[in-house]
Every structure is written in structure tokens, then in C-alpha cells.
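Chains, contacts and geometry: an overview
Single-letter residue listing:
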Amino acid sequence: MGNTGVVDIGISEDSIRLGQLLKFANIVTDGGEAKALIAGGEVSVDGEPETRRGRQVHVGSLVEVNLPQGRQQLRVARMA
């Protein structure tokens, strides 16, 4: 599978921690899985590799995750 497209993830605040975003988007099931994925260099924020699970990701940011089934792109959006 190639690129699976951009999925908007709505949040109620101005930002969300990267690990929480991955759980909220059902990319991972728990914090340990998020930590391993991020530490493994499989996650980038706005085109820059990110290795900090606690990184604040703001509304409008694009998070890309390299998964075995392909790349998943998440756009952080303001919840309506």
C-alpha cells in the first residue's frame, strides 16, 4: 500500500502531545507502542523527523507515520 491519504484529527485545544495524537487516531493502542514508533524514527511533524513523544503538535500541523501497511498522514484540526 502507498500513501493512505490525509486524515483530519479534530482536537478541542490548540495543541496535543504527539503520543496522545497517535492514540487518539488509533495508530497505536498505548503509550509504549507510541514511544517505540516515535523512537524508531517512523514519525515526522511538518516534514521534520520527531523523536519526542511529548512534543506539542498544534492545529494545522501535518504528522506523517510510516507503518508496515504504508504511510499515514494526520492533519491536526480544530474540532467543530
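Presented here is an overview of the structure given in this document. Fair warning: this is a prediction, and the values are worked out from it, not measured in the lab.

In this section: the overall build of the protein chain. The helix and strand tally for the protein chain stands at 2 helices and 7 strands. Its helices and strands taken in sequence order, the protein chain reads β-β-α-α-β-β-β-β-β from the N to the C terminus. For the C-alpha atoms alone, the extent of the protein chain along its principal axes is close to 30 × 25 × 25 Å. Per-residue burial for the protein chain yields a buried fraction of 38% across its 80 residues. For the protein chain, restricting intrachain contacts to residue pairs at least 6 apart in sequence, the fraction spanning at least 24 positions comes to 52%.

In this section: the nonpolar core. Within soluble globular proteins, side chains that are nonpolar generally end up buried alongside one another. Among the nonpolar cores identified, the biggest contains 20 residues, and Leu22, Ile27 and Val63 are the most heavily contacted of them. Elements supplying a minimum of two residues to this core: β1 (6-11), α1 (18-24), α2 (31-39), β3 (43-45), β6 (62-67) and β7 (70-78). With residues up to four places along the chain from it excluded, the contact list for isoleucine 27 reads Leu22, Glu33, Leu37, Val65, Leu67, Gln72 and Leu74.

Looking now at the environment of valine 28. Tracing the backbone shows valine 28 in the loop between α1 and α2. For valine 28, a relative accessible area of 5% translates into the label buried. If sequence neighbours within four positions are ignored, valine 28 has contacts with Leu22, Lys23, Glu33, Ala34 and Leu37.

Right, let's get into the pattern of salt bridges. It is possible for side chains of opposite charge to pair when their charged atoms get near one another. Inspection of every chain in the model, using the stated rule, returns 5 salt bridges. For the salt bridge of arginine 75 with aspartate 8, the shortest nitrogen-to-oxygen distance reads 2.9 Å. A residue pair is termed long-range when its members are at least 10 positions apart, and arginine 75 in strand β7 and aspartate 8 in strand β1 qualify at 67 residues. Classification of aspartate 8 as partly exposed rests on a relative accessible area of 47%. Among the ionic contacts, a cluster of salt bridges with common partners joins Glu50, Arg52 and Arg55.

A few words on the environment of asparagine 66. With respect to the helices, strands and loops of the structure, asparagine 66 is situated in strand β6. Exposure remark for asparagine 66: the relative accessible area of 30% places this residue in the partly exposed category. In this structure, the C-alpha to C-alpha distance between asparagine 66 and glutamine 56, residues 10 residues apart in sequence, is 19 Å. Excluding its chain neighbours within four sequence positions, the residues that come into contact with asparagine 66 are Leu37, Glu42 and Arg71. A distance of 3.1 Å separates polar atoms of two side chains, one belonging to asparagine 66 and the other to arginine 71.

About the cut-offs
- Residues numbered from 1 in each chain as written.
- Predicted model: local features only at pLDDT ≥ 70, side-chain atom pairs only at ≥ 80, totals over all residues.
- Heavy atoms only, no water.
- Helix = DSSP H or I, 4+ residues; strand = E, 2+ residues; numbered from the N terminus.
- Buried < 20%, exposed > 50% of the residue type's maximum accessible area, 1.4 Å probe, protein only.
- Contact = heavy atoms within 4.5 Å.
- Core = buried A, V, L, I, M, F, W, Y, C linked by side-chain atoms within 4.5 Å.
- Salt bridge = Lys/Arg side-chain N within 4 Å of Asp/Glu carboxyl O.
- Polar contact = N/O pair within 3.5 Å; in protein donor to acceptor, adjacent residues only side chain to side chain.

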